[in-house]
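Chain by chain, the residues:
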Amino acid sequence: MDVGGALPAVKAPRPDWLALARRARITRRAAQSTLLAVLLLVSIPIILPYFWMVVISLTARSGGVSTRVLWSGCAVIVPAVLIYTTIHVLTPSRRLRLVAGVVMSAIGAVLLGALVGTDLHFANYRFLWNPNIVEEIRSKATAGGQFPSVWIAFRNSLALALSQTAIILAVASLAGYYISRFAFRGREAFLQGMLVLHAFPAMTLIIPIFLILHWVGLLDTIAGVMLVLATIELPFYVFVMKGFFDGVPWDIEMSAMTDGATRRQAFWMVVLPHVRVGLIAVAVFAFIRAWEEYIFVRTMLIENKNWVMSLYLFWVSDDIMGVDYGIVAAVSVFYVLPSLLLYVFCQRYLTQMTIGGIRG
Amino acid sequence: MPDFARAQLNRQRANLALFLGPALVLLACFFIAPVVVDLALAFTNMDRTLAVTAFTLENFERMATRDSRLLASLGITAVFVLSTLAIFNVTFALLLALMTTAVPRAAGAFFRAVWLLPRMSPSVVYALLWAWVVDPNERGLLNQILVHVLGAAPVDLRNNAPMLVIILANGFIGASLGMIIFTSAIRSIPEHLFHAARADGAGSLAIVRHIIFPALRWPISYMTIHQTLSLLVSFEYILLITGGGPFYDTTVFSLYAYRRAFENGQYAYGAALSLILIVIGVVAALLMWRLMDMRRLLQPPRIEVH
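Residues numbered from 1 in each chain as written. Chains lettered and ligands numbered in written order. Predicted model: local features only at pLDDT ≥ 70, side-chain atom pairs only at ≥ 80, totals over all residues. Heavy atoms only, no water.

Remarks on the overall build of chain B
Alright, step 1. Along chain B, the regular secondary structure elements total 14 helices and zero strands.
Alright, step 2. Starting at the N terminus, the α and β elements of chain B follow one another as α-α-α-α-α-α-α-α-α-α-α-α-α-α.
Alright, step 3. The globule rule puts the C-alpha radius of gyration for 306 residues at 19 Å, and the 25 Å found for chain B is more than 25% above it.
Alright, step 4. Projected onto the principal axes, the alpha-carbon positions of chain B cover approximately 85 × 65 × 30 Å. (Helix = DSSP H or I, 4+ residues; strand = E, 2+ residues; numbered from the N terminus. Rg over C-alpha atoms; globule rule 2.2 N^0.38 Å.)

See the structure below:
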């Protein structure tokens, strides 16, 4: 600003737009980098334990865990990721980013192979083909006959998760469609009741549910747990399905019915295919939830032929954690893998679920 | 009644039974019936023999006058719920939502996926990860960092600060739900508001304060009630990580009811304790229900042909 003159500056200096733009770009980039760095920092406590689990499962030898592998692994991976991220931030060119990614992963793989390659082994995964792993480690006298093969637990878990998912899909889509499309007496009261059940924590009912299963003879059966798990999450899935049905324009149903379809045919052949995304989302979510269930199965499944994966892992860790880290970590990796794969590959379906009508 | 009207009524009933029947049956058997059973059970003397021999008010008398451990567990519950909620489930969730929406889309999605990882992993695995992190010997992840990087002495968090461990473990999971809800609320703010604010010279903080926060008022109050309730009743990770111990030091109220029933075989007493949680649950559910968008939810359907 011109302070000296009597008159304000007649001609303001033309702003240097290029410099301003450059400064804005730099500020923006700095702000974004800071945010990314902060996010990375707060995410370390999550990423590192998972990495540690994988490292233990691949390197631990009976009794000992080598911490060296963890830190040499980090020493290679962290700089590689940082360099790649920096390149990613600096250049908008897709080709350069791709090249940088390939080069950094190649360098990382070679370095990892050279540094820790000799420590890696798969012996901890021998529980997959050796059904008596706990007996082998703890001697037959202490652990004889207690542990089923991991595949029995795997099969039970799969049966539980799949059947529970099937029930939820069928029941929730029928009910969701009905409350989305039909007018009936008491609809409002029913919806309000479902909302209360949806918000209501079913965990508090574990004692009476245990007794009811005991009285009807379903205690310690996969079928009993399946019915319970399907029911306590049902209100949530009914609302999710209602949301998807609400999104289907009613004209297509109307035109199906003017063409002579009955209401049920219209539901089955016209509307249901339109909510395919919703069905997949509900199925994936329900499967993951049943796969990870612990408290209810812990309380309601007792005999070891009924163990699911969570119980198998729990008892394995309870029994041999002090003796052999490696097996426990390997079982964990084996158990967590299906959930994670489903989650990673079906994420775009899961993000489409909305819990109907949160104001905002 | 004319025939066609009767036929239509019959069809309406058949549709009701077909579409809503399965859900009603399941909910009646495993949701409504347990509430009734719990209510009745609380007034009995059922023990580990699972037989009821008398109806009594003893459980409530014991709760009110004779159970000193109950009081302690209420204190533990208050500390646990309030700190987890205040630090992680609301505040940190909000920070995560703000940060991941401010960085490029792909990076934001990546970090949200990372934070959802604990929620998607089986609880037993997640608890084991914590066991390996706070392992008191020198192999524990935390101790490796403390000893080798910071040069400090190894610590035994599980025995010396068990509350800290369960707050952190629950918080790392709890933050993700709020993060998702808040993120979608931020995303639904019209883009032009941000541009207008920028053009008016608002800085980032002013945008957060005057544009994002007003839009988050309802989601935040909803999440606060929802998460209070779920922290109040969930004891899965506590049971897995500390087992409620050492001794009863991390036994929150819901875990206390569970341990009374399934460890000590006092089913009736456990049911009486759960009854309190059930009442709290119903009240909170009704409260949340006020916060939902009822008008949209109860909107009448548009075709009524059966």
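That covers the picture; the talk isn't over yet.
Description of a nonpolar patch on the surface
Alright, step 1. There is a patch of nonpolar side chains on the surface, built from L39, F43, V52, F55 and L57 of chain B and spanning about 510 Å² of accessible area.
Alright, step 2. V52 of chain B gets classed as partly exposed once you look at its relative accessible area, which sits at 40%. (Patch = residues over 30% accessible without salt bridge, like charges linked within 9 Å, V, L, I, M, F, W, Y side chains within 5 Å. Areas by Shrake-Rupley, 256 points an atom, 1.4 Å probe, with all protein chains shown as cover. Salt bridge = Lys/Arg side-chain N within 4 Å of Asp/Glu carboxyl O. Buried < 20%, exposed > 50% of the residue type's maximum accessible area, 1.4 Å probe, protein only.)

Examining the interface of chain A and chain B
It is common to report an interface's size as the accessible area lost on association of the parts.
Alright, step 1. The partner chain B presents 105 residues to the 105 residues of chain A that form the contact.
Alright, step 2. In this assembly, chain A packs against chain B so that about 9500 Å² is buried in total across both faces, 78% of it on carbon and sulfur atoms.
Alright, step 3. Connecting chain A to chain B are zero salt bridges.
Alright, step 4. At the boundary of chain A with chain B, the tally comes to eleven residue pairs in polar contact (both at pLDDT 80 or more). (Contact = heavy atoms within 4.5 Å. Buried area = accessible area lost by both parts, 1.4 Å probe. Polar contact = N/O pair within 3.5 Å; in protein donor to acceptor, adjacent residues only side chain to side chain.)

What to know about the side chain of S274 of chain B
Alright, step 1. Structurally, S274 of chain B is set in helix α13 (residues 267–291).
Alright, step 2. Filtering out sequence-adjacent residues up to four positions away, S274 of chain B remains in contact with T204 and I207 of chain A together with D38 and A257 of chain B.

Details of helix α10 (residues 204–233) of chain B
Alright, step 1. Compared with an ideal rise of 1.5 Å per residue, which puts 30 residues at 44 Å, α10 of chain B spans 38 Å between its outermost C-alpha atoms and falls more than 12% short.
Alright, step 2. Largest kink in α10 of chain B: about 50 degrees, centred on R217 of chain B, with the proline P219 of chain B one to four residues after it. (Expected span 1.5 Å × (residues − 1). Bend = angle between axes of the 7 residues up to and from the residue.)

A closer look at the environment of E292 of chain A
Alright, step 1. As for its placement among the helices and strands, E292 of chain A is situated in helix α12 (residues 276–292).
Alright, step 2. Of the residues examined, E292 of chain A reaches a relative accessible area of 6% and is grouped as buried.
Alright, step 3. Considered as a pair, E292 of chain A and S157 of chain A are 135 residues apart in the sequence and their alpha carbons are 8.9 Å apart.
Alright, step 4. A polar contact is formed between the side chain of E292 of chain A and the side chain of R289 of chain A, at a distance of 2.6 Å.
Alright, step 5. At 3.2 Å, the side chain of E292 of chain A forms a polar contact with the backbone nitrogen of S123 of chain B.

A short note on the packing of aromatic side chains
Alright, step 1. In this structure the tally under the stated criterion is 42 aromatic pairs over all chains.
Alright, step 2. When the ring of Y178 of chain A is compared with that of F182 of chain A, the centres are 4.5 Å apart and the planes differ by 20 degrees; the resulting orientation is stacked.
Alright, step 3. For Y178 of chain A, a relative accessible area of 1% translates into the label buried.
Alright, step 4. Accessibility expressed as a relative area gives 0% for F182 of chain A, which makes it buried.
Alright, step 5. Three or more aromatic residues joined by ring pairs form one cluster here, namely Y177, Y178, F182, F184, F190, F245 and F267 of chain A together with F19 of chain B. (Phe/Tyr/Trp six-rings, centres within 6.5 Å; stacked < 30°, edge-to-face > 60°.)

Details of the confidence of the model for chain A
Residue and element names in this part refer to chain A.
Alright, step 1. Per-residue confidence for chain A gives a mean pLDDT of 82, with 89% of residues at or over 70.
Alright, step 2. Mean pLDDT across the elements of chain A ranges from a minimum in helix α5 (residues 140–143), with 57, to a maximum in helix α6 (residues 150–181), with 91.
Alright, step 3. Taken as a whole, residues 1–6 scores under 50 in pLDDT and shows one contact with residues more than four places along the chain or in a different chain.
Alright, step 4. The low-confidence segment residues 356–360, where pLDDT is below 50, has 17 contacts with residues more than four positions distant or belonging to other chains. (pLDDT = per-residue confidence, 0-100.)

Digging into the packing of helix α1 (residues 17–59) of chain A against helix α4 (residues 105–120) of chain B
Alright, step 1. Two elements in contact, α1 of chain A and α4 of chain B, have axes whose closest approach is 10 Å; the angle formed by their N-to-C orientations is 35 degrees. When you trace α1 of chain A past α4 of chain B, the crossing you get is left-handed. Across from L36, L39, L40, V42, S43, I46, I47 and Y50 of chain A in α1 of chain A, the residues of α4 of chain B making contact are A107, F111, V114, W115, L117 and P118 of chain B.
Alright, step 2. Looking at the contact of α1 of chain A with α4 of chain B residue by residue, the classes come out as 13 nonpolar, one polar and no charged. (Axes fitted to C-alpha atoms, helices over the stretch in contact; angles between N-to-C directions. Left-handed = near helix turned anticlockwise from the far one by under 90°. Nonpolar A, V, L, I, M, F, W, Y, C, P; charged D, E, K, R; others polar.)

Observations regarding the pattern of salt bridges
Alright, step 1. One pass over the full model with this rule turns up nine salt bridges over all chains.
Alright, step 2. Residues E292 of chain A and R289 of chain A are paired through a salt bridge, measuring 2.6 Å at the closest nitrogen-oxygen approach. Taken together, the residues E292 of chain A and R289 of chain A, both in helix α12 and three residues apart, mark about one turn of the helix.
Alright, step 3. The residue E58 of chain B makes a salt bridge to R66 of chain B at a minimum N-O spacing of 3.8 Å.

As for the nonpolar core
Most often, soluble globular proteins keep nonpolar side chains buried together rather than apart.
Alright, step 1. F296 and M300 of chain A together with F80, W115 and W132 of chain B are the most contacted members of the largest nonpolar core, which has 189 residues in total.
Alright, step 2. In terms of residues, this core owes the most to one element, helix α9 (residues 222–246) of chain A, which gives 16 residues.
Alright, step 3. Once you skip the residues sitting within four places of it in the chain, M300 of chain A turns out to touch I206, I209, F210, L213, L219, D220, T221 and V225 of chain A.
Alright, step 4. Counting residues in hydrophobic clusters, the runner-up holds 24 residues, among them V196 of chain A together with L98, I189 and M288 of chain B. (Core = buried A, V, L, I, M, F, W, Y, C linked by side-chain atoms within 4.5 Å.)

A look at unusual backbone geometry
Alright, step 1. At D220 of chain A, a residue that is not glycine, the phi angle is positive and equals roughly 65 degrees.
Alright, step 2. Here D220 of chain A lies in the loop between α8 (206–216) and α9.
Alright, step 3. Under the relative-accessibility criterion, D220 of chain A is labelled buried at 16%.
Alright, step 4. In the Ramachandran plot, F247 of chain B falls in the positive-phi region, its phi being about 55 degrees despite a non-glycine side chain.
Alright, step 5. Looking at the secondary structure, you find F247 of chain B in the loop between α11 (236–241) and α12 (253–262).
Alright, step 6. Judged by its relative accessible area of 61%, F247 of chain B is exposed.

Some details on the environment of R185 of chain A
Residue and element names in this part refer to chain A.
Alright, step 1. Assignment of secondary structure puts R185 in the loop between α6 and α7 (187–199).
Alright, step 2. On the basis of relative accessible area, R185 is assigned to the exposed category, the value being 83%.
Alright, step 3. In this structure the C-alpha to C-alpha distance between R185 and L40, which are 145 residues apart in sequence, comes to 54 Å.

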